[in-house]
Amino acid sequence: MARYGMLINTKKCIGCYACRTACQRQNDLLPDESFIRFEEREVGKYPNVSVEHIPLQCMHCEDAPCASVCPTGAAHMGADGIVEVDHGRCIGCLYCMAACPYQVRTRNSKTGEVDKCRFCTLSSYENGTKMCSCVDACLTGARIFGDLDDSDSEISKEIARTGAAPIAGDLTRAKIYYVR
């Protein structure tokens, strides 16, 4: 079975929020909800200082803390290694939000349910569409989605070429890699 992941090149990200907007539309999120949040960091030395935009979303941790604290099993690891949420089982206790080391879960203010990135078009990817909506919307090509176990996939080749690594190293065995 494939092990899906995403590469985000922060050197290419311009902080335009197109990925975030596409994700919100794809997932019918309320205006105050988002599966992608941005952090900014100054890089360089004076007088040559610039701002690096770092989009953060669910890392789909292999040992997902959010899933281990969920009392109902609503947050769980799917067979494909993607951390999923069963909305029918979510009671809105917010334990998963507190346990998430990346603070990327969001609570629906109308239903009280908690949700997160789920590589929104994964089923489409398996049927021929090669991109999540955030990847497709990215104006600069800063995002690549694909099978991490396929050495011929675009994402695997780019990780090897750039030396990209998960934001927290191998601690979470994350499926989101960053070029920084």
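For the structure, see preceding data.
The present account deals with the structure reproduced in this document. Computed from a predicted structure; not experimentally measured. All residue numbers here refer to positions counted from 1 along the written sequence of the relevant chain. Per-residue local features are limited, in this predicted model, to residues with pLDDT of at least 70; the limit for side-chain atom pairs, both in listing and counting, is 80 or more; totals at the level of whole chains, interfaces and linings are taken over all residues. For side-chain calculations, the full set of non-hydrogen atoms in the structure is used, while hydrogens and water are omitted.

Turning to the overall build of the chain, a few remarks are in order. Within the chain, the regular secondary structure consists of 6 helices and 10 strands. Exposed residues in this analysis have more than 50% of their type's maximum accessible area, buried residues have under 20%, and partly exposed residues fall in between, with area computed by a 1.4 Å probe over protein chains only. Burial status across the chain gives 48% buried among its 180 residues. Counting only contacts in the chain whose residues sit at least 6 apart along the sequence, the fraction spanning at least 24 positions is 58%. Reported accessibility uses the Shrake-Rupley method at a 1.4 Å probe radius. Residues are deemed covered only where the shown protein chains occlude them. Carbon and sulfur atoms provide 48% of the accessible area of the chain, an area that totals close to 9600 Å². Strands here mean DSSP runs of E at least two residues long; helices mean DSSP runs of H or I at least four residues long; both are numbered from the N terminus. Here a residue-residue contact requires only that any non-hydrogen atoms of the pair lie within 4.5 Å.

Moving on: the pattern of salt bridges. We define a salt bridge as a contact between a side-chain nitrogen of Lys or Arg and a carboxyl oxygen of Asp or Glu at a distance within 4 Å. Going through the model one piece at a time under the given rule, you end up with 4 salt bridges. The closest approach of N and O atoms between Arg41 and Glu52, which form a salt bridge, is 2.9 Å. On the criterion of sequence distance, the pair formed by Arg41 in strand 2 (residues 37–45) and Glu52 in strand 3 (residues 48–56) is long-range, its members being 11 residues apart. Residue Glu52 is classed as buried on the basis of its relative accessible area of 9%. The shortest N-O distance in the salt bridge between Asp115 and Arg118 comes to 2.8 Å. According to the relative accessible area criterion, Arg118 is partly exposed, its value standing at 31%.

Side-chain atoms within 4.5 Å link the members of a nonpolar core, which is a set of buried Ala, Val, Leu, Ile, Met, Phe, Trp, Tyr and Cys residues. Formed by 39 residues in total, the largest nonpolar core has its most connected members in Met6 and Phe119. Of all the elements in the fold, those that place two or more residues in this core are strand 1 (4–9), helix 1 (18–26), strand 3, helix 5 (133–137) and strand 10 (176–179). Here this core takes 3 residues from strand 1, the largest share from any one element. Sequence-distant contacts of Phe119, that is, excluding residues within four places in its chain, are made with Tyr4, Gly5, Met6, Gln57, His60, Ile82, Cys132, Phe145, Lys175 and Ile176.

Time to look at the sheet that holds strand 8 (residues 143–147). Taken in spatial order, the 4 strands of this open sheet run 8-1-10-9, and their pairing is mixed. Only two strands of the sheet have a single partner each, and these edge strands are strand 8 and strand 9 (165–166). One bridge is not enough; two strands pair if DSSP finds at least two bridges between them. Two strands pair when backbone bridges link them, and strand 1 and strand 10 are joined in this way by 4 bridges, in the parallel orientation. When the bridges of strand 10 are listed, Met6 appears paired with Ile176. Where helices are involved, their axes are fitted lines through C-alpha atoms of the stretch in contact, as for all axes, and angles between N-to-C directions lie from 0 to 180°. Contacts from helix 6 (residues 154–162) reach strand 1, strand 8 and strand 10 within the one sheet, and its direction differs from that of strand 8 by about 120 degrees.

Looking now at the side chain of Lys175. Within the secondary structure layout, Lys175 lies in the loop between strand 9 and strand 10. Glu62 provides the closest opposite charge to the buried, salt-bridge-free Lys175, at an N-O distance of 5.0 Å. Positive charge is attributed to Lys and Arg, negative charge to Asp and Glu, and no charge count is given to His or to the chain ends.

This paragraph deals with the side chain of Arg105. With respect to the element layout, Arg105 can be found in the loop between helix 3 (95–99) and strand 6 (106–107). This buried residue, Arg105, is left without a salt bridge; Asp115 holds the nearest opposite charge, at 6.5 Å. With residues up to four places along the chain from it excluded, the contact list for Arg105 reads Cys66, Ala75, Val83, Val85, Cys96, Met97, Cys100, Val114, Asp115 and Lys116.

To continue, consider helix 6. Residues of helix 6 that are buried include every one of Ile155, Ser156, Glu158 and Ile159, and no others. Down the axis, helix 6 shows its buried residues gathered within 165 degrees of arc, on one side only. Away from its buried face, by an angle of more than 90 degrees, helix 6 presents the exposed residues Glu154, Ala160 and Arg161. Where helix 6 is buried, its residues meet strand 1, strand 8 and strand 10. After helix 6 finishes, the residue Gly163 shows a positive phi value of roughly 75 degrees. To obtain the arc, one takes the directions from the helix axis to the C-beta atoms.

Note that every value here comes from positions in space, so none of it alone points to a role or purpose.
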